[in-house]
Amino acid sequence: METHGDRTVTLDISGLGSLIGEPRTIGEELRRTAADAGLRVHVAVASTSTAAMLLAHARAGLTVVAPGTEAATLAPLPLRTLTQLGCGLVAVDPGPTQSPKPTAQSPEPIGQLARWGLRTLGDLAALPSSELSARLGQTGLRLQRWARGEEMRPLVPAGVAEQFEESLDLEWPIDGLEPLSFVLARLLDPLCERLEQRDRGVVVLRVTLMLVTRERHERAIELPAPMRDPRVLRTLALLDLESNPPPAAIDRVTVGVDVTEGRILQFGLFARALPSDTLATLMARLGALMGGDRVGSPSLVDTYRPGAFAMASFDPPRNFANPQSLIPNHKRDSAPSSVLRRFRSPVPARVVVEQGRPVRVTTDRRGFAGGRVERCEGPWRSSGDWWKNVWNCDEWEVHLTDGATYRISQSLNEGAWFVNGLVD
Amino acid sequence: MYFELHAASAFSFLEAASLPETLIAQAARYGYPAIALLDRDGVYGAPRFHRAATAAGIKAIIGAEITIEASASSSLAPHPSPLRVPILVESAEGYQNLCRLITRMKMRAPKGEGALTLDELDGHTRGLIALAGRELLGFQKFGVGGLIDPLVGVFGRSNVYVEIQRHLLRDEEADNRLLVDVAGTFHVPVVATNGVCFADPAERPLFDVLTCIHHKTTLAQAGKRLARNSERYLKPREEMARLFRDLPAALASTEALAERLDYTMADLGYRFPDYPVPPGETHASFLRKLADLGARDRYRPYHDRARAQIARELDLIERLDLAGYFLIVWDIVNFCRHNDILVQGRGSAANSAVCYSLGITAVDPVGMDLLFERFLSEERGEWPDIDLDLPSGDRRERVIQHVYEKYGRLGAAPGGPRVAMTANVITYRGRSAAREVGKVLSMEPGQVDRLAKIMNHFEWVDPKETLARNLRDAGLDAEHPAIQSFGTLWQRI
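Note that the structure is predicted; figures quoted are calculated from it, not measured.

K.L.:
Honestly, the overall build of chain A in this entry has me stumped. Any pointers?
P.N.:
What chain A contains, in helices and strands, is 9 helices and 16 strands. By residue count, 34% of the 424 residues in chain A fall in the buried class. When contacts within chain A are restricted to residue pairs at least 6 apart in sequence, those whose partners lie at least 24 apart make up 54%. Element-wise, carbon and sulfur atoms account for 50% of the exposed surface of chain A, whose accessible area totals about 25800 Å².

K.L.:
What is the right way to look at the sheet that holds strand E5 (residues 165-174) of chain A in this model?
P.N.:
Strand pairing in a sheet takes place through backbone hydrogen bonds and is either antiparallel or parallel in direction. Residues and elements named next belong to chain A. Judged by pairing direction, the sheet is antiparallel, and its 4 strands sit side by side in the order E5-E8-E6-E7 without closing on themselves. Strand pairing shows two members of the sheet lacking a second neighbour, E5 and strand E7 (216-227), which therefore form its edges. Taking each pair of neighbouring strands and ignoring which way they run, the sheet shows an average axis angle of 15°. Pairing geometry for E5 and strand E8 (residues 250-261), over 6 bridges, is antiparallel. Bridge pairing in E8 links Glu-165 to Gly-256. Strand contacts of helix H8 (residues 230-243): strand E6 (200-211) and E7, with the helix running at about 135° to E7, the strand carrying the most contacts.

K.L.:
Is there a simple way to think about the interface of chain B and chain A in this case?
P.N.:
Much of the literature gives interface size as the accessible area that the parts lose upon coming together. In this complex, chain B contributes 20 residues to the contact, which on the side of chain A involves 15 residues. When residues of chain B are sorted by the area they lose upon contact with chain A, Arg170(B), Lys224(B) and Arg228(B) head the list and together hold 42% of the total. At the boundary of chain B and chain A, one finds 10 residue pairs in polar contact (both at pLDDT 80 or more). Looking at the side of chain B that touches chain A, its residues break down into 11 nonpolar, 3 polar and 6 charged.

K.L.:
Help me understand the pairing of strand E14 (residues 391-400) of chain A, please; the structure alone is not making it clear to me.
P.N.:
Remember that side chains alternate between the two faces of the sheet whenever the strand is regular. All names here are of chain A. Most of E14 is tucked away: 9 of the 10 residues are buried. As paired elements, strand E13 (residues 371-384) and E14 share 9 bridges and run antiparallel to each other. In the sheet register, Gly-384 faces E14, and the bridge partner there is Trp-391. Remark: 6 residues form the turn of the hairpin made by E13 and E14, two consecutive strands paired antiparallel; Asp-385 in that turn has positive phi of roughly 50°. Sheet topology places E14 next to strand E15 (residues 405-411); 7 bridges connect them, and they run antiparallel.

K.L.:
How do you make sense of the environment of Glu15(B) when you look at a structure like this?
P.N.:
Residues and elements named next belong to chain B. Mapped onto the secondary structure, Glu-15 falls in the loop between strand E1 (4-7) and helix H1 (20-29). With 183 residues separating them along the chain, Glu-15 and Phe-198 place their C-alpha atoms 9.6 Å apart. Residues in contact with Glu-15, not counting those within four places in the same chain, are Arg-40, Arg-84, Cys-197, Phe-207 and His-214. A polar contact of 2.9 Å, which involves the side chain of Glu-15, links it to the side chain of Arg-84.

K.L.:
Whenever I open this one, the packing of aromatic side chains confuses me. Can you help?
P.N.:
When we look at a pair of aromatic rings, we describe it by the centre distance and by the angle of the planes. Going through the model one piece at a time under the given rule, you end up with 14 aromatic pairs over all chains. When the ring of Trp386(A) is compared with that of Trp387(A), the centres are 5.2 Å apart and the planes differ by 85°; the resulting orientation is edge-to-face. Considering the side-chain rings of Phe286(B) and Trp330(B), the 6.3 Å spacing of their centres and the 80° angle between planes classify their relative orientation as edge-to-face. Of this pair, Phe286(B) sits in helix H11 (residues 283-298) while Trp330(B) sits in helix H13 (residues 323-338), placing them 44 residues apart in sequence. A single burial state applies to Phe286(B) and to Trp330(B), both of which are buried. Linked through ring pairs, Tyr325(B), Phe326(B), Phe372(B) and Phe375(B) together constitute an aromatic cluster. Note that Arg237(B) overlies the ring of Phe3(B), its terminal NZ or CZ placed 5.0 Å from the centroid. The ring of Tyr302(B) carries the charged tip of Arg307(B) above its face, separated from the ring centre by 4.3 Å.

Each value, and the rule that gives it
- Residues numbered from 1 in each chain as written.
- Chains lettered and ligands numbered in written order.
- Predicted model: local features only at pLDDT ≥ 70, side-chain atom pairs only at ≥ 80, totals over all residues.
- Heavy atoms only, no water.
- Helix = DSSP H or I, 4+ residues; strand = E, 2+ residues; numbered from the N terminus.
- Buried < 20%, exposed > 50% of the residue type's maximum accessible area, 1.4 Å probe, protein only.
- Contact = heavy atoms within 4.5 Å.
- Areas by Shrake-Rupley, 256 points an atom, 1.4 Å probe, with all protein chains shown as cover.
- Pairing = 2+ DSSP bridges.
- Axes fitted to C-alpha atoms, helices over the stretch in contact; angles between N-to-C directions.
- Buried area = accessible area lost by both parts, 1.4 Å probe.
- Polar contact = N/O pair within 3.5 Å; in protein donor to acceptor, adjacent residues only side chain to side chain.
- Nonpolar A, V, L, I, M, F, W, Y, C, P; charged D, E, K, R; others polar.
- Phe/Tyr/Trp six-rings, centres within 6.5 Å; stacked < 30°, edge-to-face > 60°.
- Lys NZ or Arg CZ within 6 Å of the ring centre and 35° of its normal.

Have a look at this one:
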């Protein structure tokens, strides 16, 4: 079955003859069924969907066309009947209430035909095709084929949205992840089998637990890549529930998925594909261990606060054929001459200052020798966030007698010194 | 010793935080003998700046930051953002040139916008000094000097200074070294400035708030549009001397340039347009005759008391060389009367028997015993101010056009234009300030509305009506840090 807008449906009834009977009988059955549902329908039966649609719009009731007589049956119909075949056609004689709606492709093809003096589909069908093509191009030829009731394309059946969901009512409530693991396996195995058959991958896994307290505990896990391995999905669900456990025992378990179509990826001969399910499992485990917002890729933040960063979701490329391409705007010839290795927790330091400049830096950190300052640059001052979490500091770069160059800072509000990183 | 030659006031409209008076007060506190005000694309703050500086015994140097953009006709390649060239006024001719340049820029652009091209500056730079700073290095297409070479071409080598600023920014010093080298290459002196945007570091929060309002964002989302630190304040002279101790020439240039910049608003050299009097008459003699004629009509009989008052006023008017002003106002009133346009002089002008005699005002000040000195006094040293009420709409416009026609549009009259429109600069009031500050602080819309309703300034202020009481009445915790920030910023803005 194929739908055309809100008012027209075409069905392929070939094969129904043995079930229902002749085409007329089938048509009558359709009308009766529609009437039972409160719908008044026009039905046309023909050997092409084009002819059937045109006749259904043009004639009330039931119309049955014998095979081979489509063109002759359509011939007396007025030219404007062609407007029923989807959008893109201009109404002829729009009338007082209707306004023409030209398309970008063919502004007024039917209007043009009317101005030539054509009135019926038969008039259009009778025109020489080559001359029609010369004047109206492919649009004209398309209209002519419709006027003759010719089939333009096969029926494209409308699929019914399939729900991928499995549920299980438990005989007795379960508590804890271990028994839940068995239930999830029992639900996910057939679900994933269906997904395999439909060539679908899961992008969001939804677990709904109906609790003994009549509350619903719902979790939605977004997956980094479509997958349908039931073991991986079960692991991810369990990891998520481990971090977000239900507050009571469970009566009913429902597993649903949002899906996407399977994709075919062509990897290079030497490129190593990233195993997305392994990665997803790893990310889920890390998230359960560290907290969801503490796993990901560092990203720069729009602020002058030294060392500020945010966590973005980890989304690596699909293959690592060219690792250097991972670095944005990477230019091999213009690699930075030095980098700062930040100490993610700044190291408290003791700094001796003379004439406003640091002359000696030491810390209690093992392995940090410290020493006298041989050269220093700075201070560079930054401050901000005065409305919430103020920072106000001076930064210096100091080259010490231990041979290393460090970035140190002093909080101007508290006076405390820190070693922020090593300049490499 | 250091002189600050690049400061901006709140008349840079959302790009600086301090009023001209606040800058002068701070300058006086730090012993500055002179300070320069360079607001964005205008001299709006110059009168107040000058008045405050005069009262404080400080020389008020005037200038402006002019927006320059690349044009198809200039050799300048398009720059990603318009650049600002700080320009200082050296002489009266320089001030005229600056005002003409600003007027040309503003007349052809929407309100708040406008830019000039370098080509348009050419020929209008006499009496002006240009500062070339870090921003101008961005025009690398012209080689290592960037825009400095074209500026030298337009202003002349002796009228360009390379400007060095130090705000303790990491990437600033490399550019400063380059600027010093460029100055040496082009044989132009180096001058140190601080690019002041607020008088005191405590005004930095207000500066950030204004930045957010300017960019229509909040503090939480403004990111790097906010200042990186609070160093753009008017620093003590000693601190600036320490900051630039390695560049003594840059420090010395500030004093030399401050001495060279001779012009202040006291040298405006303003005079009224010449009213065309009949042959053989002067402004004063013609005014006397008109006043006498008018008085005979107004005063019936024309008694001695009125005669003496009018004579006294005319003597003062003549002494202060203001006869032309009265003739012009009389002419405008006559035009209105001849064209059936309602007109009425009001205010302190009603205290003048001369104005009454000329038909400018409708009240007999002699009979009402009104004090003329309230209108015009030699001791006050101020010019008189005669307000005329006109009907709104087309009739008012006809009067304006008459003034333009008679006294000359831009460049139409001999000796140059003599007519200009003035406009008010609006300021934040209680409610508007509350809304803007509340939005910037990302406060709840309901909270902002409540604050806006209570933040009013009335003519009469209840001594018990404090900000804290108002906040509490609105159901807000006056001790909460966010509310305190709001209160402080609202008061400052």
